[in-house]
Amino acid sequence: MPEQGSGEASGVETVLDSTLDSVDFAEAETLKVAEELGFDEEDLHRIGMAVRECMVNAVVHGNRYNVKKKVQFRVLKNAGGMTVVIRDEGEGFDLKTLPNPLAEENLLRQSGRGLLLIQAFMDELHIGRLEPHGTEVKMTKYLAKAS
Amino acid sequence: MSVKLSSRQVGDVTVIDAVGRITLGEGASTFRDTIKDLAAKGNQKILLNLSEVSYIDSSGIGELVSGFTTVTNHGGQLKLIGLTKRVKDLLQITKLYTVFEVFDDESSAVRSFT
């Protein structure tokens, strides 16, 4: 639903299964909206990858492919850019306990770089816990900052 | 399209030409299996050509790191050529540019193996 007074209009809002097909779907739907808004090719790549990483976190690490758990996916567009909100029903996590992927001792770890890439590719990132369980990730990209 | 891999020999260096996307799922597992297989067969000089790789996500990056570790643990070396700007950016963001040896052209890379 559009938030009153925020100037945001809902581009896409849907509930997805915890599958890799949902990852592809979310990326494709986000890119449609981003293209409509006029983001350039490089930013489309960055936005698409950020959404992909976030959806993988929700499906794989949050919901752990559980068929009973869903992912809420929402894209909001406005004159200044776009915001993507992804919610899972997983156990949640504490950002402070995540290993720093840039620390020397972690460079050869196989995983743990998703959030780093989302932070690098989007202009704003907010991560919150949902009650009674789950995680909400809200990420924004501004057209004004498009490179 | 997920990744397609083919290998060829240049002297005693095994060059792997990768085409497509290295992402979570089939692409990443294809890559992992190929590197493990080559390392297990005693290939110690492996050059990975990424010039036709259009997309790598964090899982794909993880597989590059895993491949590097696998080959190194077998006493070998894994090096990279043909990085697109986007892949270079990813390696810089993740600081993996400090881990991998990266070359612009194949002949220099082949000569660099000891």
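All figures in this text were calculated on a predicted structure; none of them were measured in a lab. (Residues numbered from 1 in each chain as written. Chains lettered and ligands numbered in written order. Predicted model: local features only at pLDDT ≥ 70, side-chain atom pairs only at ≥ 80, totals over all residues.)

Trainee: Describe the overall build of chain B, with residues and values.
Mentor: Along chain B, the regular secondary structure elements total 4 helices and 5 strands. Listing each helix as α and each strand as β along chain B from the N terminus yields β-β-α-β-α-β-α-β-α. Overall, chain B is about 30 × 25 × 20 Å in size when its C-alpha atoms are taken along their principal axes. Each of the 114 residues in chain B was classed as buried or not, and the buried ones make up 42%. Intrachain contacts of chain B at a sequence separation of at least 6 include 73% that bridge at least 24 residues. (Helix = DSSP H or I, 4+ residues; strand = E, 2+ residues; numbered from the N terminus. Buried ≥ 20, exposed ≤ 12 C-beta atoms within 10 Å, placed from the backbone. Contact = placed C-beta atoms within 7 Å.)

Trainee: So what's going on with the overall build of chain A? Residues and values would help.
Mentor: When you go through chain A residue by residue, the secondary structure sums to 3 helices and 5 strands. Beginning at the N terminus, the succession of helices and strands in chain A can be written as β-α-α-β-β-α-β-β. Taken over the C-alpha trace, chain A has a radius of gyration of 15 Å; the compact-globule value for 147 residues is 15 Å, and the two agree within 12%. Referenced to the eigenvectors of the C-alpha coordinate spread, the extents of chain A come out at roughly 40 × 35 × 30 Å. Within chain A, the proportion of its 147 residues that are buried is 36%. The contacts of chain A with a sequence gap of at least 6 include a subset with a gap of at least 24, amounting to 65%. (Rg over C-alpha atoms; globule rule 2.2 N^0.38 Å.)

Trainee: For the pairing of strand 1 (residues 4-10) of chain B, give the residues involved together with the corresponding values.
Mentor: Residues and elements named next belong to chain B. Pairing geometry for strand 1 and strand 2 (residues 13-22), over 7 bridges, is antiparallel. Bridged to Gln9 within strand 2 is Thr14. Between strand 1 and strand 2, which pair antiparallel and follow one another directly, the connecting turn spans 2 residues, one of which, Gly11, has a positive phi of 65 degrees. (Pairing = 2+ DSSP bridges.)

Trainee: Help me get a handle on the sheet that holds strand 4 (residues 124-129) of chain A, residues and values and all.
Mentor: Residue and element names in this part refer to chain A. With antiparallel pairing, 5 strands are arranged side by side in an open sheet as 1-2-3-5-4. At either margin of the open sheet sits one strand with a lone partner, and together these are strand 1 (9-17) and strand 4. For this sheet the average axis-to-axis angle between neighbouring strands, irrespective of direction, equals 10 degrees. In this sheet, strand 5 (residues 135-142) lies alongside strand 3 (residues 81-88) in antiparallel orientation, the contact comprising 8 bridges. (Axes fitted to C-alpha atoms, helices over the stretch in contact; angles between N-to-C directions.)

Trainee: Quick rundown of the nonpolar core? Include the residues and the values.
Mentor: Counting 61 residues, the largest nonpolar core has A:Ala50, A:Cys54, A:Met55, A:Ile86, A:Ile118 and B:Leu48 as its most contacted members. For B:Leu48, the contacting residues outside a window of four places in its chain are B:Ile16, B:Ala18, B:Leu78 and B:Leu80. (Core = buried A, V, L, I, M, F, W, Y, C linked by C-beta atoms within 7 Å.)

Trainee: Please give an account of the interface of chain B and chain A that cites residues and values.
Mentor: At the junction of the two partners, chain B supplies 15 residues and chain A supplies 17 residues. Where the side of chain B that touches chain A is concerned, the elements lending two or more residues are helix 2 (58-73) and helix 3 (85-93) of chain B. Examining the composition of the side of chain B that touches chain A, we find that 6 residues originate from one element, helix 2 of chain B, more than from any other. Broken down by class, the residue content of the side of chain B that touches chain A amounts to 6 nonpolar, 6 polar and 3 charged. (Nonpolar A, V, L, I, M, F, W, Y, C, P; charged D, E, K, R; others polar.)

Trainee: If you had to explain unusual backbone geometry to someone new, which residues and values would you point to?
Mentor: Here the bond from A:Glu131 into A:Pro132 is cis, since omega is 5 degrees, no more than 30 degrees from zero. Take A:Pro132: it is sitting in the loop between strand 4 and strand 5. Positioned with a positive phi, A:Tyr65 is a non-glycine residue whose angle comes to about 60 degrees. Mapped onto the elements, A:Tyr65 comes out in the loop between helix 2 (41-62) and strand 2 (70-78). Backbone geometry places B:Lys95, a non-glycine residue, at a positive phi of 65 degrees. Residue classification places B:Lys95 among the partly exposed residues on the basis of 16 C-beta atoms within 10 Å.

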